[in-house]
Amino acid sequence: MSAVTTGGGLLDAVRQRLAESGAEPTPARVAAALRAQGRLLGDTEVLGVAEELRCELVGTGPLESLLADPSVTDVLVSAPDQVWVDRGGGLEPTSVSFADAASVRRLAQRLAAVAGRRLDDARPWVDARLPDGTRMHAVLPPVAVGSTCLSLRVVRPKAFSLAELTAAGTVPPGGERVLRALIEARLSYVISGGTGTGKTTLLSSLLGLVGGRERIVLAEDSAELRPDHPHVVRLEGRPANQEGAGLVTLRDLVRQALRMRPDRLVVGEVRGDEVTELLAALNTGHEGGCGTLHANTAADVPARLEALGTAAGLDRAALHSQLAAALSVVIHLVRDRSGRRRIAEVHVLERDDAGLVVPVPALRWGAEGFAYERGWARLRRLLGETLGDAL
Ligand SMILES: Nc1ncnc2c1ncn2[C@@H]1O[C@H](COP(=O)(O)OP(=O)(O)O)[C@@H](O)[C@H]1O
Ligand SMILES: [Mg+2]
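Predicted model only: the values in this text are computed from it and were never measured.

## Looking at the domain arrangement of the protein
Per the domain assignment, the segments making up the protein are domain 1 (1-58), domain 2 (60-155) and domain 3 (162-387). Listed per partner, the contact involves seven residues of domain 2 and six residues of domain 3. Along the lines of polarity and charge, the residues of the side of domain 2 that touches domain 3 split into one nonpolar, three polar and three charged.

## Quick look at the site of ligand 1
Residues in close proximity to ligand 1 total 18 residues, the closest being Thr73, Gly198, Lys199, Thr200 and Thr201. Domain assignment of the residues forming the shell around ligand 1 places at least three in each of domain 2 (60-155) and domain 3 (162-387).

## A look at the environment of Arg259
Within the secondary structure layout, Arg259 lies in the loop between helix H9 (250-258) and strand E10 (264-269). Expressed as a C-alpha distance, the spacing of Arg259 and Glu236, which sit 23 residues apart in the sequence, is 16 Å.

## Digging into H9
An α-helical segment advances 3.6 residues per turn. Residues three or four places apart therefore align on the same side. All buried positions along H9 are accounted for by Leu250, Leu253, Val254 and Ala257. Taken down its axis, H9 places every buried residue within 100 degrees of arc, on the same side. Taken together, the buried residues of H9 touch strand E8 (216-220), strand E9 (232-236), E10 and helix H10 (274-283).

## Topic: the pairing of strand E4 (residues 125-129)
Where E4 and strand E5 (residues 135-139) come together, five bridges link them in antiparallel fashion. Residue pairing across strands places Asp127 opposite His137, the latter belonging to E5. Joining the antiparallel neighbours E4 and E5 is a turn of five residues, in which Gly133 adopts a positive phi near 100 degrees.

## Looking at the sheet that holds strand E1 (residues 74-79)
The strand order across the open sheet formed by six strands is E3-E2-E1-E6-E5-E4, and the pairing between neighbours is antiparallel. The open sheet has two edge strands, strand E3 (91-93) and E4, and neither has a second partner. Averaged over all pairs of adjacent strands, the angle between their axes in this sheet comes to 15 degrees, without regard to strand direction. Looking at chain direction, E5 and strand E6 (residues 149-153) are connected through five bridges and run antiparallel. Within E6, the position partnered with Met136 by the bridge is Leu152.

## A short note on unusual backbone geometry
Note that the residue after Pro141, namely Pro142, is joined by a cis bond; omega there is 5 degrees. Note that Pro142 resides in the loop between E5 and E6. The residue Arg186 is not glycine, and still its phi comes out positive at about 60 degrees. Within the secondary structure, Arg186 sits in the loop between helix H7 (175-184) and strand E7 (189-193). Residue classification places Arg186 among the partly exposed positions, given that 17 C-beta atoms sit within 10 Å. One non-glycine residue, Arg261, lies in positive phi territory at about 50 degrees. In this structure, Arg261 sits in the loop between H9 and E10.

## Some thoughts on the confidence of the model for the protein
Looking at the protein as a whole, its pLDDT mean stands at 89, while 91% of the residues score no less than 70. Here helix H1 (residues 8-21) stands out as the least confident element of the protein, with mean pLDDT 68; E7 is the most confident, with 98.

## Observations regarding the nonpolar core
Judged by nonpolar contacts, the single largest core of 65 residues is most densely connected at Leu182, Tyr189, Val190, Ala219 and Val266. With near-sequence residues (within four places) excluded, Ala219 lies in contact with Leu235, Leu250, Leu253, Val254, Ala257, Val266, Val267 and Gly268. Counting residues in each nonpolar core, the second largest holds 23 residues, with Val72, Leu111, Ala138 and Leu152 among its members.

Calculation notes
Residues numbered from 1 in each chain as written. Chains lettered and ligands numbered in written order. Predicted model: local features only at pLDDT ≥ 70, side-chain atom pairs only at ≥ 80, totals over all residues. Domains from an automatic or database assignment. Contact = placed C-beta atoms within 7 Å. Nonpolar A, V, L, I, M, F, W, Y, C, P; charged D, E, K, R; others polar. Near = placed C-beta within 6 Å. Helix = DSSP H or I, 4+ residues; strand = E, 2+ residues; numbered from the N terminus. Buried ≥ 20, exposed ≤ 12 C-beta atoms within 10 Å, placed from the backbone. Arc of directions from axis to C-beta. Pairing = 2+ DSSP bridges. Axes fitted to C-alpha atoms, helices over the stretch in contact; angles between N-to-C directions. pLDDT = per-residue confidence, 0-100. Core = buried A, V, L, I, M, F, W, Y, C linked by C-beta atoms within 7 Å.

In structure tokens form, the structure reads like this:
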């Protein structure tokens, strides 16, 4: 039974009482608060009130029902009456709305607090992970013009299997064999693509193919990867606290990971100076390393890594020669108009006459699965025996 039938005034009184005590709305506390109001309700009613308050105080309020839908990957609030979801087919408006702008702000601030972060006029945005793994981002007005903007990205605990990704149209028919061979041959690779193209998801799935006797060590700014594998060590960075202490960077994590005897070193998302340690590691016997990289095309990958590397003090020539030895394959993802995320191309890296690394397409998703491109002969060689007979 919902609290609507128990009366809004009553709910307010219970809310007030719990707020004063600072306690979470467990059924027992709600029952006690109701008794204090002179109300004796049945168990179902008490549970109904407790659930409603829980959603409001510790959950995600009106967004709860959207987030509970297993097909929803993103929930975006751009105004109190503009709540959008993505169920894998692009953004759709919903009928969910907030009472007013202040409610959106309160929810964003409460979620930030749950994540141990600040969100107020002095620090008007936050990018954090909630305890259940959900990524939250929020910006308060006036930086966000008009209304608090809240973006939630749900991390579904289960990794997609490769078969599921094939069924979803992310991996082309027959593409699974190439990916398996890539893992088995211990080639190092990055998965590139724009935001939300499914890089992290594909990486999780590929890690699930790693042999059960290998040890995977993950270094992530924000723990998102959930590989289905028996031996995974997860390291997660953290921001500095309010006194400016305790910062743990991805670079720190990569350094530590290397001392933890990884069979596969994984950098969830390469986006800063950790690229130095990563390239050095991949050059010194850490085969099979992998990660994701934000890049709009596979051809942009060397330039992106170069930008990150030079910002960290590596010179261009050194970076390219390390890169050539460190990285073998780029798997590029796109999200097409219909919202479908798919592997568009697989590239191998070659060096041009000037010694610079250039990606060369080896496979491209054509009308009937992967079609061979110029770099195929090289990829075929790299995959060696693990691929078995030609595709
Ligand atoms: N192949 C897919 N099919 C359906 N949903 C997917 C697929 N890949 C990713 N998603 C969903 O899309 C969202 C973005 O995926 P993610 O892997 O985090 O992207 P990226 O790392 O590129 O930003 C996630 O919520 C994820 O569950
Ligand atoms: Mg990602």
